[in-house]
2 protein chains.
Amino acid sequence: MGKRTSAAEVAELAGVSRTTVSFVLNNVPGMRISEETRQRVLQAAQLLNYHPDSTARRMVTGQTKMIGFVLRQSPDQAFGDHFLPQVLHGMSHAVSAQGFHLVFEIIPPEDQGGVYMKLINERHVDGIVLSGPRSDDAELLRACEQGANIVLAGQIPGQKIPYVDVNNIDGAKIATRHLISLSHTRIGMITNAPLAYTASADRLAGYRAALDEAGLAYDETLVRLGDFTMDSGYKAMDDLLTIDQRPSAVFVASDTVALGALQAIQNAGLQVPQDIAICGFDDIPLAKFLNPPLTTVQLPAYGLGWAAADLLIRMILNKEIINPYVLLGTELVVRSSCGAPERP
Amino acid sequence: MGKRTSAAEVAELAGVSRTTVSFVLNNVPGMRISEETRQRVLQAAQLLNYHPDSTARRMVTGQTKMIGFVLRQSPDQAFGDHFLPQVLHGMSHAVSAQGFHLVFEIIPPEDQGGVYMKLINERHVDGIVLSGPRSDDAELLRACEQGANIVLAGQIPGQKIPYVDVNNIDGAKIATRHLISLSHTRIGMITNAPLAYTASADRLAGYRAALDEAGLAYDETLVRLGDFTMDSGYKAMDDLLTIDQRPSAVFVASDTVALGALQAIQNAGLQVPQDIAICGFDDIPLAKFLNPPLTTVQLPAYGLGWAAADLLIRMILNKEIINPYVLLGTELVVRSSCGAPERP
DNA sequence: GAATCTTATTAACACGTGTTAGCAACGCGG
DNA sequence: CCGCGTTGCTAACACGTGTTAATAAGATTC
């Protein structure tokens, strides 16, 4: 590993002071440097292959120019995580556009101690995006109280901490409206998760809102709870098929859960969409390869990452913030599982 | 944002020098500190909620305790990346086990300038794991020449740069052997990518080796080239089906490509595995949900991430390195697309 | 010709830590 | 009383940079 070259060595080679080197290389405005010395400095820097030491720069500026992305996830969950790569792309773009870097950290789901707070406390980063926040995370609340730069990916109900999230209510509304527009009047729903999860409750609320605005009655005998897994979807749908006057369409608030529901329908000898229409949520990569291809609501994964990082950096730089509570819109991806004509 | 507390303030509160604070908090061996002052310092530190500033520490130790993970990937590719989350889990574990942190950076596929080298040059990190290295990357070769700490995820043929990779030859051998063990003698192959890619050439080599050891002749009329996509798999398989004496089994060196191949087979009115057996490579999440579920070779994504980070950190810390060229083994996942009885 | 302004450059400080070399106090053998 | 080892602690340096205040030389003004 070749010795690093410091600004002092560049200064010596160019025959000027280290201060001048700094002024030239940083293009400090207001500092009068003659064109001749400017060139000498630039050449010397190039010749010595000089790169300023970010650590020393952090020391004096007080900024690390780094943000953390803390992901609460078990290794098991990782296998089924279809969106992380896109989220990371979004973050990476936003981050490098501002000259920042991204520190990535995974913490176990059960962690409550706020291990990740070391990132801020020891000043490895200027702020963090926290994915999967827990409402019982005392460290988190205290840190936000003290003005730490934190943006949530997801929400904690009741807490006014800046966040970026999907507009789940709206997404569910769009999906349900689609089913209604296809003349369905008995529309079932299977949630993506227990209602303790904000996203789950919101998607249920969106479903109800769509029924309301169409003048359809909400019938809770048509609603079942999923819990992330295919299995839960299978059971829920199996159950829905046994009631008399079974629904002619179902909105399943998670593609993974919908996968199970689809199997239950087909195992019962029924056809999708002829006998039952089904609409999912998330648009996982697999959705378009299902048989039939699944109509679903697209999760704006890239946008989530981008918006979260951008908001956080605005906070760090004290830039103007229009709205610290960002809800991203969704889009319906029409395929053939609802019987609608495919849109190009 | 509350003012940070420095070691000096802790020292003042405890009534000792800053040096003593440093000795106590770092448990410096050989330094005699009386139990009484030790306690005073610890209490003061706790009371003031002191956390040492990593930047200042970096300054004096010369180590950043960070490694970079540079991923060469376009946003389009991200959607089809099924392994990144697992790779990151592996890295994250290895990294935090050694008290390091991970800096994540994405660069566009066409980048040749070595933008990512800024991570090392400006000393943001102590070393990097580079995914998707290009053999025409001049910056990379020069940096390695100069002794930079770099580990490749993947290989550059002919260059002796430390790397971690899947044992593609072995994986392909295992897959082909499986087909042979099911009494197939005319076994076709569709590669995952053009042969310029090491992984692709190696998987082809493994396929040939398995044929060899079974005494089966290599017949290049049974081999087609894929290029990552489903479409390429569809075309390749469609083509294979037209030759006389079509193969009774096919090894497709990528699950995604196999997806297309499967469609081609089924569109031709043939049954899998009755008419043609098919074995994939990668074990993407979707594989087990295909119809029929796809027998395939599991890519050790978690292990790749772990091993790469671990090797890099060993290099950084000058620890003993048994072998800087790591090839990870694979495992066959038997499902029903080859007609073998499923293993539990 | 003295006073003032402009131009080009630099000396010196600050950031917060790890660490080496050294200092004062004390006990103990002679 | 002197010399010496031990114990407990600290002063001072180093790390590489950004930035403020100051300096010297030359140009301009009155």
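Coordinates for the structure precede this section.
Along each chain, residue indices are assigned from 1 in the same order as the chain's sequence is written. Chains carry letters and ligands carry numbers; both start at the beginning, A for chains and 1 for ligands, and go up in the order they are written. Two thresholds apply to this predicted model, a pLDDT of at least 70 for residue-level local features and 80 or more for giving and counting side-chain atom pairs, whereas whole-chain, interface and lining totals are computed over all residues. Side-chain metrics rest on all non-hydrogen atoms present in the structure, leaving aside hydrogens and water.

**Describing the pattern of salt bridges**
We define a salt bridge as a contact between a side-chain nitrogen of Lys or Arg and a carboxyl oxygen of Asp or Glu at a distance within 4 Å. In the structure shown here, the tally under the stated rule is 20 salt bridges over all chains. Here Glu213 of chain A and Arg177 of chain A are joined by a salt bridge, their closest N and O atoms 2.4 Å apart. One end of the pair, Glu213 of chain A, is in helix 10 (residues 198–213); the other, Arg177 of chain A, is in helix 9 (residues 168–181), and 36 residues separate them in sequence. Under the relative-accessibility criterion, Glu213 of chain A is labelled partly exposed at 48%. Ionic pairing is found between Arg72 of chain B and Asp137 of chain B, a salt bridge with its closest N-O pair at 3.6 Å. With Arg72 of chain B in strand 1 (residues 66–72) and Asp137 of chain B in the loop between strand 3 (127–131) and helix 8 (138–145), the pair connects residues that are 65 residues apart, well separated along the chain. Helix and strand definitions follow DSSP, with helices as H or I runs of at least four residues and strands as E runs of at least two, each counted in order from the N terminus. Residue burial is assigned from relative accessible area. The probe radius is 1.4 Å, only protein chains are included, and a residue is buried under 20% of its type maximum, exposed over 50%, and partly exposed in between.

**Examining the protein's contact with DNA strand D**
In the vicinity of DNA strand D lie 26 residues, with Ala7, Arg18 and Tyr50 of chain A together with Thr20 and Thr37 of chain B positioned nearest. Here a phosphate oxygen of DNA strand D sits 2.7 Å away from a polar atom, N or O, in the main chain of Ala7 of chain A. Those elements that place two or more of their residues in the surface near DNA strand D are helix 2 (18–26) and helix 4 (54–61) of chain A together with helix 2 (18–26) and helix 4 (54–61) of chain B. Broken down by element, the residue count for the surface near DNA strand D peaks at five residues, all from helix 2 of chain A. All amino acids are sorted into three groups, where Ala, Val, Leu, Ile, Met, Phe, Trp, Tyr, Cys and Pro are nonpolar, Asp, Glu, Lys and Arg are charged, and the leftover types, Gly among them, are polar. Residues that form the surface near DNA strand D fall into these classes: 12 nonpolar, nine polar and five charged. Note on definitions. A residue lies near a molecule or strand when any single heavy atom of the residue is within 4 Å of it. Two N or O atoms form a polar contact when they lie within 3.5 Å of each other; inside protein one atom must be a possible hydrogen donor and the other a possible acceptor, and for residues adjacent in sequence the pair counts only when both atoms belong to side chains.

**Some points on the protein's contact with DNA strand C**
Residues in close proximity to DNA strand C total 26 residues, the closest being Ser17 and Thr20 of chain A together with Ala7, Arg18 and Tyr50 of chain B. Taken together, the sugar and phosphate atoms account for 55% of what DNA strand C places within 4 Å of the protein. In this structure, Ser34 of chain A approaches DNA strand C through a main-chain N or O atom, which is 3.2 Å from a phosphate oxygen. Contact distances for DNA strand C include 3.0 Å between a phosphate oxygen and a side-chain N or O atom of Asn26 of chain B. In terms of residues, the surface near DNA strand C owes the most to one element, helix 2 of chain B, which gives five residues. Tallied by class, the residues present in the surface near DNA strand C amount to 12 nonpolar, nine polar and five charged.

**Let's talk about empty space enclosed by the protein**
Buriedness of a pocket was judged along seven lines, with at least five required to meet protein on both sides within 12 Å; pockets are open sets of points on a 1 Å grid over the protein atoms alone, cavities are sets where a 1.4 Å probe fits but cannot get out, and lining residues have an atom within 4 Å of a point. Grid points are joined across faces, edges and corners, and a volume is the space filled by probe spheres set on the points. Scanning the model with the defined rule gives two cavities of 30 Å³ or more in all. Taken as a whole, the largest cavity encloses approximately 50 Å³ of empty space. Along its surface, the largest cavity is lined by Ala78, Phe79, Asp81, His82 and Pro285 of chain A together with Phe79, Asp81, His82 and Pro285 of chain B. Broken down by class, the residue content of the lining of the largest cavity amounts to five nonpolar, two polar and two charged. The computed volume of the second largest cavity comes to approximately 30 Å³. Lining the second largest cavity are Phe79 of chain A together with Phe83, Gln86, Asp282, Asp283, Gln298 and Leu299 of chain B. In the lining of the second largest cavity, the residues fall into three nonpolar, two polar and two charged.

**Structural notes on the sheet that holds strand 11 (residues 325–328) of chain B**
Strands pair, by our definition, only if DSSP identifies at least two bridges between them. Taken in spatial order, the 12 strands line up as 11(A)-5(A)-4(A)-3(A)-1(A)-2(A)-2(B)-1(B)-3(B)-4(B)-5(B)-11(B) in an open sheet, and their pairing is mixed. Here the strands that pair on one side only, and so sit at the sheet edges, are strand 11 (325–328) of chain A together with strand 11 of chain B. Adjacent strand axes in the sheet meet at a mean angle of 20° when their direction is disregarded. Relative to strand 4 (residues 150–153) of chain A, strand 3 (residues 127–131) of chain A is paired through four bridges, and the arrangement is parallel. Each residue of the ladder has a partner; that of Val129 of chain A, found in strand 4 of chain A, is Val151 of chain A. In this analysis an axis means a line fitted to C-alpha atoms, helices contributing only their contacting stretch, and an angle means the value between N-to-C directions, from 0 to 180 degrees.

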